[in-house]
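# Structure at a glance
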Amino acid sequence: MSRPLLPLKAGAIVFTMLWTAWMMWWSGSFSSAHVIILGLCGAAVGYLWYRAMRWQFERMGMLPGPENRSK
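Residues numbered from 1 in each chain as written. Predicted model: local features only at pLDDT ≥ 70, side-chain atom pairs only at ≥ 80, totals over all residues. Heavy atoms only, no water.

## Examining the side chain of Thr-16
Here is the rule: Under the scheme used here, helices are H or I runs from DSSP no shorter than 4 residues and strands are E runs no shorter than 2 residues, and both carry numbers assigned from the N terminus. Under this definition, polar contacts are N or O atom pairs within 3.5 Å; protein pairs additionally need one hydrogen-donor-capable and one acceptor-capable atom, and for neighbouring residues in sequence, both atoms have to be side-chain atoms. Any two residues having at least one pair of non-hydrogen atoms within 4.5 Å are treated as being in contact.
Position of Thr-16 among the secondary structure elements: in helix H1 (residues 6-27). One polar contact links the side chain of Thr-16 to the main-chain carbonyl oxygen of Ala-12, over a distance of 2.8 Å. What Thr-16 contacts, discounting residues up to four positions off in sequence, is Gly-42, Ala-43 and Gly-46.

## A look at the side chain of Thr-20
Tracing the backbone shows Thr-20 in helix H1. The contact partners of Thr-20, leaving out residues within four places of it in the chain, are Leu-38, Gly-39 and Gly-42.

Put into C-alpha coordinates, the structure is as follows:
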(Lines give C-alpha, C1' and ligand atoms only; values in the text may rest on other atoms or scores of the structure.)
Protein backbone atom coordinates (compact mmCIF):
# COMPACT_ATOMS: atom_id res chain seq x y z
CA MET A 1 0.00 0.00 0.00
CA SER A 2 1.31 3.37 -0.95
CA ARG A 3 1.56 5.76 2.01
CA PRO A 4 -0.17 8.77 0.36
CA LEU A 5 -3.14 6.59 -0.56
CA LEU A 6 -3.57 4.93 2.85
CA PRO A 7 -6.03 7.52 4.27
CA LEU A 8 -7.99 7.48 1.01
CA LYS A 9 -8.30 3.68 1.09
CA ALA A 10 -9.35 3.74 4.74
CA GLY A 11 -11.93 6.41 3.92
CA ALA A 12 -13.28 4.29 1.08
CA ILE A 13 -13.67 1.31 3.42
CA VAL A 14 -15.50 3.43 6.00
CA PHE A 15 -17.71 4.94 3.27
CA THR A 16 -18.53 1.45 1.96
CA MET A 17 -19.51 0.19 5.40
CA LEU A 18 -21.63 3.23 6.20
CA TRP A 19 -23.36 3.22 2.80
CA THR A 20 -24.14 -0.50 3.05
CA ALA A 21 -25.43 -0.19 6.62
CA TRP A 22 -27.60 2.78 5.66
CA MET A 23 -29.10 0.94 2.69
CA MET A 24 -29.85 -2.11 4.86
CA TRP A 25 -31.51 0.04 7.50
CA TRP A 26 -33.45 2.05 4.91
CA SER A 27 -34.76 -1.02 3.10
CA GLY A 28 -35.82 -2.77 6.32
CA SER A 29 -35.27 -6.25 4.88
CA PHE A 30 -32.56 -8.44 6.36
CA SER A 31 -32.97 -11.61 4.32
CA SER A 32 -29.72 -13.31 3.32
CA ALA A 33 -30.19 -12.54 -0.38
CA HIS A 34 -30.86 -8.89 0.35
CA VAL A 35 -27.77 -8.59 2.57
CA ILE A 36 -25.58 -10.22 -0.10
CA ILE A 37 -26.91 -7.97 -2.88
CA LEU A 38 -26.48 -4.82 -0.78
CA GLY A 39 -22.98 -5.97 0.23
CA LEU A 40 -21.97 -6.35 -3.41
CA CYS A 41 -23.54 -3.01 -4.31
CA GLY A 42 -21.76 -1.40 -1.35
CA ALA A 43 -18.42 -2.77 -2.53
CA ALA A 44 -19.04 -1.38 -6.02
CA VAL A 45 -20.08 2.03 -4.66
CA GLY A 46 -17.05 2.14 -2.36
CA TYR A 47 -14.70 1.29 -5.20
CA LEU A 48 -16.23 3.93 -7.47
CA TRP A 49 -16.02 6.49 -4.66
CA TYR A 50 -12.33 5.63 -4.14
CA ARG A 51 -11.54 5.99 -7.86
CA ALA A 52 -13.42 9.30 -8.10
CA MET A 53 -11.73 10.77 -5.01
CA ARG A 54 -8.29 9.57 -6.13
CA TRP A 55 -8.77 11.17 -9.54
CA GLN A 56 -10.00 14.41 -7.97
CA PHE A 57 -7.15 14.58 -5.43
CA GLU A 58 -4.57 13.92 -8.17
CA ARG A 59 -6.19 16.64 -10.27
CA MET A 60 -5.98 19.10 -7.34
CA GLY A 61 -2.32 18.18 -6.75
CA MET A 62 -2.95 16.65 -3.33
CA LEU A 63 -1.64 13.23 -4.46
CA PRO A 64 1.22 12.35 -6.79
CA GLY A 65 0.03 11.62 -10.32
CA PRO A 66 0.44 8.23 -11.99
CA GLU A 67 3.63 9.36 -13.72
CA ASN A 68 5.29 10.27 -10.37
CA ARG A 69 4.07 7.32 -8.32
CA SER A 70 6.42 4.42 -7.68
CA LYS A 71 5.14 1.02 -8.79
